[in-house]
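Descriptive structure summary
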Amino acid sequence: MAQRRWLATTLRQRLAVIRHLRFAIAGHATELAALAAASNERPTAEKLTAEVVPLLDACRFLERNARRLLRAKKFGARGRPLWLHGSSFVVERRPFGVVLVVGPGNYPLFLPAVHCLQAIVAGNAVLLKPAENSTLPMNWLAEKLRGLDSVDRDLVQILPESPATARQAVEAGVDKVIFTGSSENGRDFLGRLAEYNTPGVFELSGCDFVVVRHDADLERAAKAIAFGRRLNAGATCTAPQAVLAHETVSIGLTSRLRQLGLEDLEVTAFADDHAALLLVQENEFGLGASIFSADENGARALARQMPTGFVTINDLIVPTADPRFPFGGVRQSGFGSTRGAEGLLEMTYPQAVSLRRGRWLPHLDEAKRGDEAIFAAYIQMAYGRGWSRIKSLGDFWRAARQRGPATGASPAMGRPESAKPAPGDTTAANSSR
């Protein structure tokens with residue numbers, strides 16, 4: 001019921017809720033960051049920059065772009081097939097209904113909150129299952145939403161942290177799932193969704209490669225790798241797990257990493273981009289990768305061949321917090337997108353409604369003798385090339401003039417009524433066996 005009442009609100013009203021929530025987050029930023037920091041004992045300052053600021057930008061992204069992204073699209077005469085003369089259709093984005101968000105423990109505020117806000121902007125209700133020790137920031141968020149007059153208290157419900165509650169929610173009936181977690185847990189949970197034909201987006205483990213090309217700024221690359229390893233105590237799904245460096249710079253990069261305290265980060269040397277790409281392709285994960293190079297075109301060419309959901313060039317991790325950035329992996333790192341425009345659209349499904357005006361509905365008439373010749377000529381005329389198109393125009397008109405009476409073909413069976421066996425006549429049935 002809460003979702004139905006929420007769906008009756010206008011998009012303008014929903015975005016007003018997001019705006020008020022943004023004001024609340026900004027006014028209590030340190031308090032909220034402290035709640036997020038308590039779940040994994042991280043500095044409040046880190047949570048302010050890594051979770052609160054990106055969440056605020058995600059709110060602003062929705063306020064500025066949701067109307068355009070969710071707007072109905074109309075299709076009229078332009079590009080319409082000839083045989084659909086008089087028809088038009090509209091594609092609208094419809095909410096799934098109830099979305100289950102399964103949150104992670106490494107970013108207990110930013111990740112589940114963005115999924116939650118995108119879901120309600122699209123018109124859904126949310127069941128949110130926090131990770132262990134991650135309930136506090138989600139309770140704060142839910143209470144701020146419930147404090148607004150236009151928001152039903154049941155629109156966003158925070159579930160207990162136990163993994164069993166997510167399974168129970170699926171069994172009770174949810175319409176879509178946004179899951180963030182390990183590949184192992186994701187596979188198990190996906191099996192549960194399959195039992196109920198419940199769709200989902202799965203953001204799973206990564207094993208991100210850093211590729212340092214021969215022309216890279218080694219100081220920059222080393223500092224970025226060190227940052228990625230210490231951010232959130234290394235508990236970031238896009239943290240650098242493997243470093244590949246061109247054979248001409250591998251020793252220099254290793255030396256700089258050791259100077260930064262990374263005594264155990266092994267650097268693998270490669271001879272050329274192809275060799276580096278093979279090493280990345282051999283890995284079963286496909287969440288993200290980073291490339292460091294002075295040659296932007298060369299780096300982009302390499303990025304296009306990376307079997308990963310995203311690639312950062314000359315930076316690491318931070319650009320993925322851009323609210324416009326779609327985020328998601330491939331292969332063992334999951335499927336579907338969260339955040340950005342794609343993440344918002346994931347909270348909806350497209351519903352197409354067609355309308356036919358006029359009285360020209362030839363497909364409703366019974367088939368006539370010679371129709372196959374008309375159709376064959378039309379196909380050549382509409383889709384062929386060169387002289388065959390010109391010739392088919394004459395064939396079309398000749399076939400139309402010679403068109404005979406109705407054959408009595410059944411629209412369902414596609415054969416004349418006269419060919420159907422009479423009641424009690426088993427000859428035709430026996431001959432077809």
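Our subject is the structure listed above.
Residues numbered from 1 in each chain as written. Predicted model: local features only at pLDDT ≥ 70, side-chain atom pairs only at ≥ 80, totals over all residues. Heavy atoms only, no water.

**Description of the pairing of strand E2 (residues 87-95)**
Examined bridge by bridge, strand E1 (residues 73-75) and E2 share three bridges and lie antiparallel to one another. Each bridged residue has a counterpart across the sheet, and for Lys-74 the counterpart in E2 is Val-90. (Pairing = 2+ DSSP bridges. Helix = DSSP H or I, 4+ residues; strand = E, 2+ residues; numbered from the N terminus.)

**Considering the sheet that holds E1**
Working definition: the strands of a sheet are paired by backbone hydrogen bonds and lie parallel or antiparallel to each other. Here we have three strands laid out as an open sheet, ordered E1-E2-E16, and antiparallel in their pairing. Edge positions in the sheet fall to E1 and strand E16 (348-356), since each of these pairs with one other strand and no more. Pairs of neighbouring strands in the sheet enclose a mean axial angle of 20 degrees, with direction left out of account. (Axes fitted to C-alpha atoms, helices over the stretch in contact; angles between N-to-C directions.)

**A word on the packing of aromatic side chains**
In total, this model carries nine aromatic pairs according to the counting rule given. On the numbers, 5.4 Å between centres and 35 degrees between planes, the contact of Phe-202 with Phe-335 is tilted. Linking Phe-202 in strand E7 (residues 200-203) with Phe-335 in strand E15 (residues 334-335), this pair joins segments that are 133 residues apart in sequence. By relative accessible area, Phe-202 is classed as buried at 1%. With 5.4 Å between their ring centres and 85 degrees between their planes, Phe-396 and Trp-397 make a pair best called edge-to-face. (Phe/Tyr/Trp six-rings, centres within 6.5 Å; stacked < 30°, edge-to-face > 60°. Buried < 20%, exposed > 50% of the residue type's maximum accessible area, 1.4 Å probe, protein only.)

**What to know about the layout of surface pockets**
Counted as a void, the second largest pocket has a volume near 560 Å³. Phe-179, Thr-180, Gly-181, Ser-182 and Asn-185 are the residues nearest the centre of the second largest pocket, which is lined by 28 residues in total. Contributions of two or more residues to the lining of the second largest pocket are made by helix H7 (163-172), strand E6 (176-180) and helix H8 (183-196). Among the residues forming the lining of the second largest pocket, the class breakdown is eleven nonpolar, eleven polar and six charged. (1 Å grid on protein atoms, 1.4 Å probe; cavity = no way out; pocket = protein on both sides within 12 Å on 5 of 7 lines; lining within 4 Å. Points joined across faces, edges and corners; volume = space filled by probe spheres on them. Nonpolar A, V, L, I, M, F, W, Y, C, P; charged D, E, K, R; others polar.)

**Here's the deal with a nonpolar patch on the surface**
Judged by side-chain polarity, Trp-83, Ile-379 and Tyr-383 come together as a nonpolar surface patch covering roughly 360 Å² of accessible area. By secondary structure assignment, the location of Tyr-383 is in helix H14 (residues 371-383). (Patch = residues over 30% accessible without salt bridge, like charges linked within 9 Å, V, L, I, M, F, W, Y side chains within 5 Å. Areas by Shrake-Rupley, 256 points an atom, 1.4 Å probe, with all protein chains shown as cover. Salt bridge = Lys/Arg side-chain N within 4 Å of Asp/Glu carboxyl O.)

Limitation: the analysis is restricted to geometry and does not speak to function.
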